[in-house]
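Here is how the chains run, residue by residue.
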Amino acid sequence: MERYRIGLVPGPVSVPPEIRAAWDYDYASSDLEDEFFSLYNDTQELTRKILRTQNDIVITSGEAMSILWASLKCTLKPGEKLLAVSSGLFGEGFADMARTFGVNAEVCAFDYDDVPDPEKVREHARKFQPKVITAVHCETPSGTLTPCLAELGEIAHEVGALFVVDFVSSAGGCELDVDACSIDIGLLGCQKVLSLTPCLSVSTISPRAWEVIEGVNYAGYESYNSWREVPAKHYMPYTHDWQAVNALNISLNMILREGVSEAVTRHKNAAELCRALGRDMGLKLYPKHEEFCSPTVTAFYVPEKFTWPELDSLLREKGLAVGGNYGVLAGKVFRVGHMGSQADNDLVREGMSIIREVIA
Ligand SMILES: *Cc1c(COP(=O)(O)O)cnc(C)c1O
């Protein structure tokens, strides 16, 4: 397998040795052992602390797409209404996914280099009266961070909708208060800030979200249904990944040992450094304004004298891997991922100096 000396891809990020050590253990069956359920409970508690929530925490197997699907399938039936607040590929993706099973989805759309305007969302939500409103905290492909989650949460509750937020690539790396933002279902991935492999997903679920989930009663592998009972009943819908849950526990403890606000500052510093070095070498930020930029990932335009495949292969020759892009941003915008284990000023400096050499 090809390995790169400097990994600055915006997920999956490099897995630090302390976390990798979780896979060195040989466990018994997670279905049978009380010890596994203690680990599960403890991991729920640690997640609550980091995300600032009293809500239930559900930890499931599978990469984050599995819970993006779960959040839609468990709360919406065919014909019901979803309003997807979108300033990027993942925002719009919620509407596309919901339409595949007959949901009446509308998109409250903003440019990909912009962030949502809550007044426009309020107007759209009042007119459309959706059952669910989705939003994305960090639009990883655009390198933007939605600053108005608390207002969007208020709007959702004003119109009686559930508020579902994808914070897959932001939580742990920037300020996030799930309860203050009235988030009913929050979605967190493991291969971004948490620096695990893409093995698990973490969802926060409010009491009003559980009511809706029980009403819809969706049956399927990714369904949340039986997870509400898991901690009490010690009974899971499938065999859980003990090594992965242990890795998650280690990762959350590492953040708490560092301090949540210290981890946030580390991400902010790495992002500022990345933008400053980019500016010095003449790179143009993709987000319309610098204050829209996410602390976990920076998106730059591909400089005009290169195609993306040319730039990518020149960087790889020098040992640097960064992120390309998808959809309308493919070939136009590339990304430097400084989240989790990669939110490190020395690593960012090293990576950016290779970009400078290559584009000079
Ligand atoms: C990474 C990510 C996901 C999960 O998608 P994958 O590309 O399959 O990992 C979902 N939402 C956001 C915002 C992400 O950054």
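Above this text you will find the structure in question.
Here goes a summary of the coordinates provided. (Residues numbered from 1 in each chain as written. Predicted model: local features only at pLDDT ≥ 70, side-chain atom pairs only at ≥ 80, totals over all residues. Heavy atoms only, no water.)

## Observations regarding the overall build of the protein
Phase 1 of the analysis: A count of helices and strands for the protein gives twelve helices and 13 strands.
Phase 2 of the analysis: Relative to the globule expectation of 21 Å for 360 residues, the C-alpha radius of gyration of the protein, 20 Å, shows essentially globular dimensions.
Phase 3 of the analysis: Viewed in the frame of its principal axes, the protein has a C-alpha envelope of about 60 × 55 × 35 Å.
Phase 4 of the analysis: The buried share of the protein, reckoned over its 360 residues, is 58%.
Phase 5 of the analysis: Look at the contacts in the protein between residues 6 or more apart in sequence, and 74% of them connect residues 24 or more apart.
Phase 6 of the analysis: When the accessible area of the protein is evaluated, it comes to approximately 14,700 Å², of which 49% is carbon and sulfur surface. (Helix = DSSP H or I, 4+ residues; strand = E, 2+ residues; numbered from the N terminus. Rg over C-alpha atoms; globule rule 2.2 N^0.38 Å. Buried < 20%, exposed > 50% of the residue type's maximum accessible area, 1.4 Å probe, protein only. Contact = heavy atoms within 4.5 Å. Areas by Shrake-Rupley, 256 points an atom, 1.4 Å probe, with all protein chains shown as cover.)

## Looking at the sheet that holds strand β10 (residues 200-205)
Phase 1 of the analysis: Across the sheet, which stays open at both edges, the seven strands sit in the order β2-β10-β9-β8-β5-β3-β4 with mixed pairing between neighbours. In this open sheet, the two edge strands, each paired with only one partner strand, are β2 (56-61) and β4 (104-109). Across this sheet, the average inter-strand angle for adjacent strands is 20°, counted without regard to direction.
Phase 2 of the analysis: Pairing of strand β9 (residues 185-189) with β10, which is carried by five bridges, proceeds in the antiparallel orientation. Across the sheet, residue L187 finds its bridge partner in β10, namely S203.
Phase 3 of the analysis: Relative to the sheet, helix α2 (residues 34-51) contacts β2, β9 and β10, its axis offset from that of β2 by approximately 120°.
Phase 4 of the analysis: The strands touched by helix α6 (residues 149-158) within the sheet are β3 (81-86), β5 (132-136) and β8 (162-166), with β8 carrying the most contacts at an inclination of about 150°. (Pairing = 2+ DSSP bridges. Axes fitted to C-alpha atoms, helices over the stretch in contact; angles between N-to-C directions.)

## Section: the packing of helix α10 (residues 260-280) against helix α12 (residues 345-359)
Phase 1 of the analysis: Contact geometry of α10 with α12 gives a least axis separation of 10 Å together with a crossing angle of 20°. Classified by the angle between their axes, α10 and α12 sit roughly parallel to one another. Considering how the two elements wind past one another, α10 and α12 form a crossing that is right-handed. The segment α10 lies against α12, with N269, A270, L273, C274, L277, G278 and D280 engaging N345, V348, R349, M352 and R356.
Phase 2 of the analysis: Its residues assigned to classes, the contact of α10 with α12 comprises six nonpolar, three polar and three charged. (Parallel < 35°, antiparallel > 145°, perpendicular 65-115°, else oblique. Left-handed = near helix turned anticlockwise from the far one by under 90°. Nonpolar A, V, L, I, M, F, W, Y, C, P; charged D, E, K, R; others polar.)

## Let's talk about the environment of L51
Phase 1 of the analysis: Mapped onto the elements of the fold, L51 is located in helix α2.
Phase 2 of the analysis: By relative accessible area, which is 2% here, L51 ends up buried.
Phase 3 of the analysis: As for L51 and L188, which are separated by 137 residues in sequence, their C-alpha atoms are 9.8 Å apart.
Phase 4 of the analysis: In this view, L51 contacts F167, A171, L176, D177, V178, L188 and T204; residues no more than four positions away in its chain are not counted.

## Digging into the packing of helix α9 (residues 242-258) against α10
Phase 1 of the analysis: Remark: α9 packs on α10, axes separated minimally by 5 Å, with the N-to-C direction vectors making an angle of 90°. Taken together, α9 and α10 sit at an angle that is classed as roughly perpendicular. Across the interface between the two elements, I255, L256 and E258 of α9 pack against V260, E262, A263 and R266 of α10.
Phase 2 of the analysis: In terms of residue class, the contact of α9 with α10 is built from four nonpolar, no polar and three charged.

## A few points about helix α7 (residues 207-216)
Phase 1 of the analysis: Among the residues of α7, A209, W210, I213 and V216 are the ones counted as buried. Down the axis of α7, the buried side of the element spans an arc of 125°, and every buried residue falls inside it. Exposed residues lying more than 90 degrees from the buried face of α7 are P207, E211 and G215.
Phase 2 of the analysis: Elements in contact with the buried residues of α7: β2, α3 (65-73), β8, β9 and β10.
Phase 3 of the analysis: Just downstream of α7 lies N217, where phi reads positive at about 50°. (Arc of directions from axis to C-beta.)

## With respect to the site of the ligand
Phase 1 of the analysis: Close to the ligand lie E63, A64, M65, F90, C138, T140, D166, V168, S169, Q191 and K192, which account for all nearby residues.
Phase 2 of the analysis: One of the side-chain N or O atoms of D166 is found 2.6 Å from a nitrogen atom in the ligand.
Phase 3 of the analysis: Note that an oxygen atom of the ligand is positioned 2.7 Å from one of the side-chain N or O atoms of K192.
Phase 4 of the analysis: Considering the ligand on its own, with 370 Å² of exposed area, one finds that the protein chains cover 82% of that surface.
Phase 5 of the analysis: For the shell around the ligand, the residue count by class is five nonpolar, three polar and three charged. (Near = heavy atom within 4 Å. Polar contact = N/O pair within 3.5 Å; in protein donor to acceptor, adjacent residues only side chain to side chain.)

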